[in-house]
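# Architecture and fold: a report
Read off the chains here:
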Amino acid sequence: MRGSCWLNRRIEQRFRLLAISTVKSMKIKLLLFFCVALTLLAFSTTGSTFLLWSSNNNDNNNHNQTPPLRRFTDSRKGYSIVMNTWKRYDLLKQSIKHYSSCPRLDSVHIVWSEPEPPSESLLKFLYQAVKSKSRDGRYVKLRFDIYKEDSLNNRFKEIKDLETDAVFSIDDDVIFPCSSVEFAFDVWQSAPNAMVGFVPRVHWADSLNGEDTKFRYGGWWSVWWTGTYSMVLSKAAFFHKKYFSLYTNEMPSSIREYVTKNRNCEDIAMSFLVANATGAPPLWVKGKIYEIGSTGISSLGGHSIRRSECVNIFTAMFGRMPLVYTSVKAVDSRNVWFW
Ligand SMILES: *[C@@H]1O[C@H](CO)[C@@H](O)[C@H](O)[C@H]1NC(C)=O
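Residues numbered from 1 in each chain as written. Predicted model: local features only at pLDDT ≥ 70, side-chain atom pairs only at ≥ 80, totals over all residues. Heavy atoms only, no water.

By the naming in an unreviewed UniProt entry, the protein chain goes by Glycosyltransferase 64 protein C4 and is assigned to Pisum sativum. Quoted verbatim from the Subcellular location (unreviewed entry) field of the UniProt record, the comment on the protein chain reads "Endomembrane system". UniProt's Cofactor (unreviewed entry) comment on the protein chain is quoted here verbatim: "Mn(2+)". (UniProt positions renumbered as here; feature names shortened; annotations may be inferred.)

### Describing the site of the ligand
Taken together, Pro252, Asn276 and Phe318 make up the full set of residues near the ligand. Measuring from an oxygen atom of the ligand, one finds a side-chain N or O atom of Asn276 at 2.4 Å. Bound to the protein, the ligand loses 43% of the 360 Å² it would expose on its own. (Near = heavy atom within 4 Å. Polar contact = N/O pair within 3.5 Å; in protein donor to acceptor, adjacent residues only side chain to side chain. Areas by Shrake-Rupley, 256 points an atom, 1.4 Å probe, with all protein chains shown as cover.)

### Quick notes on the state of the cysteines
Applying the stated criterion to the full structure yields 2 disulfides. Between the sulfur atoms of Cys102 and its disulfide mate Cys178 the distance is 2.0 Å. Negative torsions about the S-S bond denote left-handed disulfides, and the value of about -85° found for Cys102 with Cys178 makes this one left-handed. Note that Cys102 is positioned in the loop between helix H4 (89-99) and strand S2 (105-112) and Cys178 in helix H6 (residues 178-190), a separation of 76 residues in sequence. Cys178 carries the same exposure label as Cys102, and that label is buried. The residue that forms a disulfide with Cys265 is Cys310, at a sulfur-sulfur distance of 1.9 Å. Measuring handedness by torsion sign, the sulfur bridge of Cys265 and Cys310 sits at about 80° and is right-handed. Placement of the pair is Cys265 in the loop between helix H9 (253-262) and helix H10 (266-278) and Cys310 in helix H11 (residues 304-318), with a sequence separation of 45 residues. Here Cys265 falls in the buried class, since its relative accessible area comes to 0%. (Disulfide = S-S within 2.5 Å. Helix = DSSP H or I, 4+ residues; strand = E, 2+ residues; numbered from the N terminus. Buried < 20%, exposed > 50% of the residue type's maximum accessible area, 1.4 Å probe, protein only.)

### Let's talk about the packing of aromatic side chains
Here a ring pair, both rings aromatic, is described through the centre-centre distance and the interplanar angle of the planes. Summed over all chains, the structure comprises 22 aromatic pairs. Ring centres of Tyr79 and Phe238 lie 5.3 Å apart, and the angle between their planes is 80°; this geometry places the pair in the edge-to-face category. One end of the pair, Tyr79, is in strand S1 (residues 79-85); the other, Phe238, is in strand S10 (residues 236-240), with 159 residues separating them in the sequence. Residues Tyr79 and Phe238 agree in their burial class; the two are buried. Taking the centre distance of 4.9 Å and the plane angle of 80° together, the rings of Trp220 and Trp221 count as edge-to-face. (Phe/Tyr/Trp six-rings, centres within 6.5 Å; stacked < 30°, edge-to-face > 60°.)

### Concerning the pairing of S1
Counted residue by residue, S1 has 7 buried out of 7 residues, so it is predominantly covered. Here S1 shows a buried face lined by Tyr79, Ile81, Met83 and Thr85 and a second buried face lined by Ser80, Val82 and Asn84. Where S1 lies against S2, 7 bridges are found, and the strand directions are parallel. Looking at S2, one finds that Thr85 is bridged to Trp112. Between S1 and its parallel partner S2, the chain crosses via H4, and the hand of that crossover is right-handed. Of the strand pairs in this sheet, S1 and strand S4 (residues 166-171) are connected by 6 bridges, and their pairing is parallel. From the neighbouring strand, Ser80 faces S4, where its bridge partner is Val167. (Pairing = 2+ DSSP bridges. Right-handed = clockwise from strand over helix to strand, strands pointing away.)

### Points about the packing of H9 against H11
Look at H9 against H11: their axes get within 10 Å of each other, and the N-to-C directions meet at 160°. Considering their axes alone, H9 and H11 lie roughly antiparallel with respect to each other. Considering the relative orientation of H9 and H11, their crossing is right-handed. Of H11, the residues touching H9 (which contributes Ser254, Ile255, Tyr258, Val259 and Asn262) are Arg306, Glu309, Cys310, Ile313, Phe314, Met317 and Phe318. Its residues assigned to classes, the contact of H9 with H11 comprises 8 nonpolar, 2 polar and 2 charged. (Axes fitted to C-alpha atoms, helices over the stretch in contact; angles between N-to-C directions. Parallel < 35°, antiparallel > 145°, perpendicular 65-115°, else oblique. Left-handed = near helix turned anticlockwise from the far one by under 90°. Contact = heavy atoms within 4.5 Å. Nonpolar A, V, L, I, M, F, W, Y, C, P; charged D, E, K, R; others polar.)

### Overview of the packing of helix H8 (residues 242-250) against H10
Helix packing geometry: the angle between the two helix axes and the distance between the axes. Packing of H8 against H10 brings their axes to within 11 Å, and their N-to-C directions diverge by 105°. On the basis of their axis angle, the class for H8 and H10 is roughly perpendicular. Facing Tyr243, Leu246 and Tyr247 of H8, the residues of H10 in contact are Glu266, Ala269, Met270, Leu273, Val274, Ala277 and Thr278. When its residues are assigned to classes, the contact of H8 with H10 shows 8 nonpolar, 1 polar and 1 charged.

In C-alpha coordinates, the structure reads:
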(Lines give C-alpha, C1' and ligand atoms only; values in the text may rest on other atoms or scores of the structure.)
Protein backbone atom coordinates (compact mmCIF):
# COMPACT_ATOMS: atom_id res chain seq x y z
CA MET A 1 0.00 0.00 0.00
CA ARG A 2 2.60 2.49 1.05
CA GLY A 3 4.59 1.66 -2.02
CA SER A 4 1.74 2.24 -4.39
CA CYS A 5 0.81 5.54 -2.81
CA TRP A 6 4.37 6.77 -2.98
CA LEU A 7 4.39 5.78 -6.63
CA ASN A 8 1.14 7.57 -7.14
CA ARG A 9 2.56 10.73 -5.67
CA ARG A 10 5.51 10.49 -8.00
CA ILE A 11 3.20 9.93 -10.96
CA GLU A 12 1.00 12.76 -9.87
CA GLN A 13 3.97 15.12 -9.57
CA ARG A 14 5.23 14.26 -13.01
CA PHE A 15 1.75 14.59 -14.41
CA ARG A 16 1.33 17.96 -12.75
CA LEU A 17 4.52 19.22 -14.36
CA LEU A 18 3.31 17.95 -17.69
CA ALA A 19 -0.07 19.49 -17.18
CA ILE A 20 1.35 22.94 -16.62
CA SER A 21 3.23 22.90 -19.87
CA THR A 22 0.75 21.13 -22.12
CA VAL A 23 -2.89 20.59 -21.25
CA LYS A 24 -4.85 22.40 -18.61
CA SER A 25 -6.97 19.56 -17.35
CA MET A 26 -5.55 16.07 -16.99
CA LYS A 27 -7.32 12.78 -16.68
CA ILE A 28 -7.79 12.15 -12.99
CA LYS A 29 -9.38 8.93 -14.15
CA LEU A 30 -6.01 7.62 -15.31
CA LEU A 31 -4.51 8.23 -11.89
CA LEU A 32 -7.48 6.63 -10.24
CA PHE A 33 -7.11 3.64 -12.52
CA PHE A 34 -3.43 3.26 -11.61
CA CYS A 35 -4.26 3.64 -7.96
CA VAL A 36 -6.99 0.99 -8.03
CA ALA A 37 -4.87 -1.38 -10.11
CA LEU A 38 -1.84 -1.04 -7.83
CA THR A 39 -3.93 -1.36 -4.69
CA LEU A 40 -5.57 -4.53 -5.98
CA LEU A 41 -2.14 -5.87 -6.88
CA ALA A 42 -0.84 -5.13 -3.39
CA PHE A 43 -3.87 -6.76 -1.77
CA SER A 44 -3.80 -9.89 -3.88
CA THR A 45 -0.20 -10.64 -2.90
CA THR A 46 -0.99 -10.49 0.82
CA GLY A 47 -3.85 -12.96 0.45
CA SER A 48 -6.42 -11.09 2.53
CA THR A 49 -7.92 -9.41 -0.47
CA PHE A 50 -11.66 -9.68 -0.53
CA LEU A 51 -12.51 -10.54 3.06
CA LEU A 52 -12.93 -6.88 3.64
CA TRP A 53 -15.50 -6.61 0.89
CA SER A 54 -17.54 -9.65 1.81
CA SER A 55 -17.84 -8.71 5.48
CA ASN A 56 -19.15 -5.29 4.49
CA ASN A 57 -21.63 -6.76 2.08
CA ASN A 58 -23.30 -8.94 4.72
CA ASP A 59 -25.36 -5.96 5.81
CA ASN A 60 -26.96 -5.68 2.43
CA ASN A 61 -28.17 -9.22 2.04
CA ASN A 62 -31.84 -8.55 2.66
CA HIS A 63 -32.31 -5.92 -0.03
CA ASN A 64 -30.28 -7.14 -2.93
CA GLN A 65 -33.14 -7.41 -5.42
CA THR A 66 -32.61 -5.13 -8.39
CA PRO A 67 -35.20 -2.37 -8.70
CA PRO A 68 -37.64 -2.52 -11.61
CA LEU A 69 -36.47 -0.70 -14.72
CA ARG A 70 -39.57 1.46 -15.13
CA ARG A 71 -39.70 4.11 -12.50
CA PHE A 72 -43.10 5.64 -13.11
CA THR A 73 -46.23 3.56 -13.21
CA ASP A 74 -48.35 6.46 -14.42
CA SER A 75 -47.61 7.16 -18.04
CA ARG A 76 -46.53 10.76 -18.09
CA LYS A 77 -46.40 12.41 -21.44
CA GLY A 78 -43.94 10.68 -23.68
CA TYR A 79 -41.62 11.76 -26.44
CA SER A 80 -41.54 11.67 -30.22
CA ILE A 81 -38.71 10.42 -32.39
CA VAL A 82 -37.79 12.55 -35.39
CA MET A 83 -35.56 10.45 -37.57
CA ASN A 84 -33.52 11.68 -40.47
CA THR A 85 -32.96 9.10 -43.18
CA TRP A 86 -31.52 8.93 -46.65
CA LYS A 87 -31.79 5.88 -48.90
CA ARG A 88 -30.75 3.36 -46.32
CA TYR A 89 -33.89 1.31 -46.00
CA ASP A 90 -32.31 -1.56 -44.11
CA LEU A 91 -31.05 0.78 -41.42
CA LEU A 92 -34.40 2.53 -41.28
CA LYS A 93 -36.24 -0.76 -40.83
CA GLN A 94 -33.85 -1.89 -38.14
CA SER A 95 -34.10 1.40 -36.22
CA ILE A 96 -37.88 1.68 -36.33
CA LYS A 97 -38.30 -1.92 -35.29
CA HIS A 98 -36.00 -1.33 -32.35
CA TYR A 99 -37.39 1.97 -31.06
CA SER A 100 -41.05 1.02 -31.32
CA SER A 101 -40.61 -1.11 -28.22
CA CYS A 102 -39.47 1.82 -26.04
CA PRO A 103 -42.08 2.33 -23.28
CA ARG A 104 -42.70 6.07 -23.37
CA LEU A 105 -42.29 6.60 -27.11
CA ASP A 106 -45.43 8.25 -28.50
CA SER A 107 -44.75 8.61 -32.22
CA VAL A 108 -42.09 8.34 -34.88
CA HIS A 109 -41.70 10.98 -37.59
CA ILE A 110 -39.51 10.06 -40.51
CA VAL A 111 -37.99 13.02 -42.32
CA TRP A 112 -38.12 12.04 -45.97
CA SER A 113 -36.26 14.22 -48.49
CA GLU A 114 -35.80 11.73 -51.31
CA PRO A 115 -37.17 12.47 -54.80
CA GLU A 116 -39.24 9.27 -54.77
CA PRO A 117 -41.88 8.74 -52.07
CA PRO A 118 -41.45 5.72 -49.77
CA SER A 119 -42.34 2.47 -51.52
CA GLU A 120 -45.38 0.36 -50.69
CA SER A 121 -43.26 -2.49 -49.41
CA LEU A 122 -41.27 -0.21 -47.11
CA LEU A 123 -44.44 1.33 -45.69
CA LYS A 124 -45.95 -2.08 -45.18
CA PHE A 125 -42.89 -3.36 -43.38
CA LEU A 126 -42.64 -0.34 -41.08
CA TYR A 127 -46.33 -0.29 -40.10
CA GLN A 128 -46.16 -4.01 -39.43
CA ALA A 129 -43.04 -3.53 -37.31
CA VAL A 130 -44.72 -0.85 -35.23
CA LYS A 131 -47.92 -2.86 -34.82
CA SER A 132 -46.08 -5.98 -33.73
CA LYS A 133 -44.79 -4.06 -30.70
CA SER A 134 -48.21 -2.88 -29.55
CA ARG A 135 -49.18 -3.19 -25.90
CA ASP A 136 -52.79 -3.22 -24.73
CA GLY A 137 -53.84 -2.42 -28.28
CA ARG A 138 -51.83 0.83 -28.25
CA TYR A 139 -48.88 1.24 -30.53
CA VAL A 140 -46.47 3.90 -31.63
CA LYS A 141 -47.76 6.26 -34.31
CA LEU A 142 -45.73 6.36 -37.48
CA ARG A 143 -45.67 9.40 -39.78
CA PHE A 144 -43.71 10.36 -42.85
CA ASP A 145 -42.89 14.02 -43.37
CA ILE A 146 -42.15 14.29 -47.05
CA TYR A 147 -40.17 17.23 -48.42
CA LYS A 148 -39.61 18.21 -52.03
CA GLU A 149 -36.40 20.06 -51.44
CA ASP A 150 -33.45 17.97 -50.30
CA SER A 151 -31.98 19.94 -47.41
CA LEU A 152 -30.54 19.08 -44.03
CA ASN A 153 -32.77 21.82 -42.60
CA ASN A 154 -35.74 19.49 -43.17
CA ARG A 155 -34.92 17.59 -40.04
CA PHE A 156 -35.74 20.71 -38.00
CA LYS A 157 -38.91 21.75 -39.81
CA GLU A 158 -42.00 22.24 -37.70
CA ILE A 159 -44.20 19.15 -37.49
CA LYS A 160 -47.94 19.89 -37.35
CA ASP A 161 -49.22 16.84 -35.50
CA LEU A 162 -46.42 16.54 -32.95
CA GLU A 163 -48.20 15.78 -29.70
CA THR A 164 -45.30 15.74 -27.27
CA ASP A 165 -43.05 18.58 -26.17
CA ALA A 166 -40.04 16.30 -26.14
CA VAL A 167 -38.38 15.43 -29.42
CA PHE A 168 -35.70 12.79 -29.70
CA SER A 169 -33.75 13.66 -32.83
CA ILE A 170 -31.87 10.68 -34.20
CA ASP A 171 -30.05 9.50 -37.31
CA ASP A 172 -31.02 6.18 -38.83
CA ASP A 173 -27.54 4.68 -38.44
CA VAL A 174 -27.16 4.74 -34.66
CA ILE A 175 -29.11 2.67 -32.19
CA PHE A 176 -29.42 3.26 -28.46
CA PRO A 177 -31.03 0.74 -26.12
CA CYS A 178 -34.45 1.85 -24.88
CA SER A 179 -33.06 2.06 -21.35
CA SER A 180 -30.56 4.74 -22.49
CA VAL A 181 -33.21 6.69 -24.42
CA GLU A 182 -35.66 6.63 -21.55
CA PHE A 183 -32.95 7.72 -19.14
CA ALA A 184 -32.06 10.65 -21.40
CA PHE A 185 -35.77 11.52 -21.47
CA ASP A 186 -35.74 11.67 -17.67
CA VAL A 187 -32.76 14.00 -17.79
CA TRP A 188 -34.51 16.18 -20.36
CA GLN A 189 -37.59 16.43 -18.13
CA SER A 190 -35.34 17.98 -15.50
CA ALA A 191 -34.00 20.49 -18.02
CA PRO A 192 -36.61 20.90 -20.77
CA ASN A 193 -34.94 23.96 -22.32
CA ALA A 194 -31.60 22.23 -22.80
CA MET A 195 -30.34 19.96 -25.51
CA VAL A 196 -29.78 16.59 -23.89
CA GLY A 197 -27.78 14.13 -25.92
CA PHE A 198 -25.35 11.29 -26.27
CA VAL A 199 -22.72 12.74 -28.62
CA PRO A 200 -20.77 15.67 -27.11
CA ARG A 201 -18.50 17.97 -29.11
CA VAL A 202 -16.48 21.04 -28.23
CA HIS A 203 -15.12 24.23 -29.75
CA TRP A 204 -11.75 25.77 -28.93
CA ALA A 205 -10.47 29.28 -29.31
CA ASP A 206 -7.65 28.89 -31.79
CA SER A 207 -5.81 32.18 -31.99
CA LEU A 208 -6.03 34.43 -29.02
CA ASN A 209 -5.03 37.61 -30.81
CA GLY A 210 -7.52 40.05 -29.42
CA GLU A 211 -10.95 40.42 -30.98
CA ASP A 212 -10.24 38.35 -34.05
CA THR A 213 -10.75 35.04 -32.27
CA LYS A 214 -10.95 31.98 -34.48
CA PHE A 215 -12.47 28.75 -33.28
CA ARG A 216 -11.64 25.14 -33.88
CA TYR A 217 -14.07 22.24 -33.75
CA GLY A 218 -13.06 19.46 -31.38
CA GLY A 219 -14.19 15.88 -31.94
CA TRP A 220 -14.52 12.89 -29.70
CA TRP A 221 -10.86 12.77 -28.64
CA SER A 222 -10.94 16.39 -27.51
CA VAL A 223 -13.94 15.73 -25.30
CA TRP A 224 -12.48 12.53 -23.95
CA TRP A 225 -9.18 14.15 -23.07
CA THR A 226 -10.50 17.28 -21.43
CA GLY A 227 -13.88 16.09 -20.18
CA THR A 228 -15.26 19.38 -21.50
CA TYR A 229 -17.87 19.98 -24.17
CA SER A 230 -20.07 22.76 -25.49
CA MET A 231 -22.44 21.01 -27.93
CA VAL A 232 -24.36 17.78 -28.20
CA LEU A 233 -25.11 16.66 -31.72
CA SER A 234 -28.65 16.29 -33.01
CA LYS A 235 -27.82 12.87 -34.40
CA ALA A 236 -28.89 11.66 -30.93
CA ALA A 237 -30.42 14.33 -28.70
CA PHE A 238 -33.58 15.37 -26.90
CA PHE A 239 -34.85 18.92 -27.18
CA HIS A 240 -38.09 20.89 -26.90
CA LYS A 241 -40.18 21.08 -30.05
CA LYS A 242 -40.28 24.89 -29.79
CA TYR A 243 -36.75 24.93 -31.23
CA PHE A 244 -38.12 23.68 -34.55
CA SER A 245 -40.00 26.91 -35.13
CA LEU A 246 -37.09 29.01 -33.82
CA TYR A 247 -34.76 27.23 -36.23
CA THR A 248 -37.07 27.58 -39.22
CA ASN A 249 -38.62 31.00 -38.59
CA GLU A 250 -36.38 33.04 -36.28
CA MET A 251 -32.82 32.04 -37.04
CA PRO A 252 -31.14 34.15 -39.75
CA SER A 253 -31.90 32.55 -43.11
CA SER A 254 -28.25 32.89 -44.11
CA ILE A 255 -27.47 30.07 -41.67
CA ARG A 256 -30.08 27.77 -43.20
CA GLU A 257 -28.81 28.64 -46.67
CA TYR A 258 -25.26 27.78 -45.61
CA VAL A 259 -26.45 24.41 -44.26
CA THR A 260 -28.31 23.57 -47.47
CA LYS A 261 -25.47 24.63 -49.71
CA ASN A 262 -22.71 22.84 -47.83
CA ARG A 263 -24.79 19.79 -46.80
CA ASN A 264 -23.30 19.98 -43.34
CA CYS A 265 -23.49 21.53 -39.88
CA GLU A 266 -27.25 21.68 -39.29
CA ASP A 267 -26.42 20.12 -35.92
CA ILE A 268 -23.93 22.86 -35.06
CA ALA A 269 -26.50 25.47 -36.06
CA MET A 270 -29.05 23.91 -33.71
CA SER A 271 -26.50 23.90 -30.89
CA PHE A 272 -25.83 27.60 -31.51
CA LEU A 273 -29.56 28.34 -31.57
CA VAL A 274 -30.31 26.63 -28.26
CA ALA A 275 -27.23 28.07 -26.56
CA ASN A 276 -28.14 31.56 -27.76
CA ALA A 277 -31.71 31.16 -26.51
CA THR A 278 -30.84 29.75 -23.10
CA GLY A 279 -27.37 31.09 -22.32
CA ALA A 280 -26.71 27.66 -20.84
CA PRO A 281 -24.70 24.60 -21.86
CA PRO A 282 -26.19 21.35 -23.15
CA LEU A 283 -26.29 18.12 -21.16
CA TRP A 284 -24.36 14.99 -21.99
CA VAL A 285 -25.93 11.69 -21.06
CA LYS A 286 -24.01 8.46 -20.84
CA GLY A 287 -25.47 5.78 -23.06
CA LYS A 288 -24.52 2.73 -25.06
CA ILE A 289 -24.16 3.48 -28.78
CA TYR A 290 -24.45 0.88 -31.49
CA GLU A 291 -23.42 2.22 -34.89
CA ILE A 292 -25.22 0.11 -37.46
CA GLY A 293 -24.15 2.18 -40.48
CA SER A 294 -20.63 2.47 -41.76
CA THR A 295 -20.13 6.16 -41.07
CA GLY A 296 -18.37 5.79 -37.74
CA ILE A 297 -15.10 7.21 -39.04
CA SER A 298 -16.46 10.71 -39.49
CA SER A 299 -16.79 11.07 -35.73
CA LEU A 300 -13.07 10.51 -35.26
CA GLY A 301 -11.87 13.50 -37.25
CA GLY A 302 -10.90 14.14 -40.85
CA HIS A 303 -13.81 16.40 -41.62
CA SER A 304 -13.02 18.75 -38.77
CA ILE A 305 -11.80 21.54 -41.06
CA ARG A 306 -15.26 21.94 -42.56
CA ARG A 307 -16.79 21.76 -39.10
CA SER A 308 -14.42 24.46 -37.80
CA GLU A 309 -15.44 26.64 -40.72
CA CYS A 310 -19.08 26.22 -39.72
CA VAL A 311 -18.34 27.25 -36.14
CA ASN A 312 -16.56 30.40 -37.32
CA ILE A 313 -19.16 31.36 -39.90
CA PHE A 314 -22.07 30.80 -37.51
CA THR A 315 -20.29 32.85 -34.85
CA ALA A 316 -20.13 35.72 -37.32
CA MET A 317 -23.78 35.25 -38.31
CA PHE A 318 -24.98 35.18 -34.70
CA GLY A 319 -22.79 38.19 -33.96
CA ARG A 320 -21.13 36.39 -31.05
CA MET A 321 -20.07 32.97 -29.83
CA PRO A 322 -23.09 31.65 -27.87
CA LEU A 323 -21.76 28.19 -26.94
CA VAL A 324 -21.14 27.58 -23.23
CA TYR A 325 -18.64 25.07 -21.83
CA THR A 326 -19.54 22.44 -19.31
CA SER A 327 -18.22 19.16 -17.95
CA VAL A 328 -21.43 17.75 -16.51
CA LYS A 329 -22.27 14.19 -17.49
CA ALA A 330 -25.50 12.49 -16.44
CA VAL A 331 -25.18 8.81 -15.58
CA ASP A 332 -27.71 6.29 -14.38
CA SER A 333 -26.56 5.74 -10.81
CA ARG A 334 -27.99 2.22 -10.77
CA ASN A 335 -25.37 1.25 -13.33
CA VAL A 336 -22.36 2.71 -11.55
CA TRP A 337 -20.53 -0.06 -9.78
CA PHE A 338 -18.07 2.12 -7.93
CA TRP A 339 -19.75 4.74 -5.70
C1 LIG B 1 -30.04 35.33 -29.75
O2 LIG B 1 -30.66 35.66 -28.55
C3 LIG B 1 -31.06 37.00 -28.48
C4 LIG B 1 -31.53 37.27 -27.06
O5 LIG B 1 -32.45 36.30 -26.65
C6 LIG B 1 -32.13 37.27 -29.52
O7 LIG B 1 -32.57 38.60 -29.46
C8 LIG B 1 -31.55 36.95 -30.88
O9 LIG B 1 -32.54 37.08 -31.88
C10 LIG B 1 -30.96 35.56 -30.93
N11 LIG B 1 -30.23 35.40 -32.16
C12 LIG B 1 -30.48 34.45 -33.03
C13 LIG B 1 -29.65 34.44 -34.24
O14 LIG B 1 -31.33 33.61 -32.85
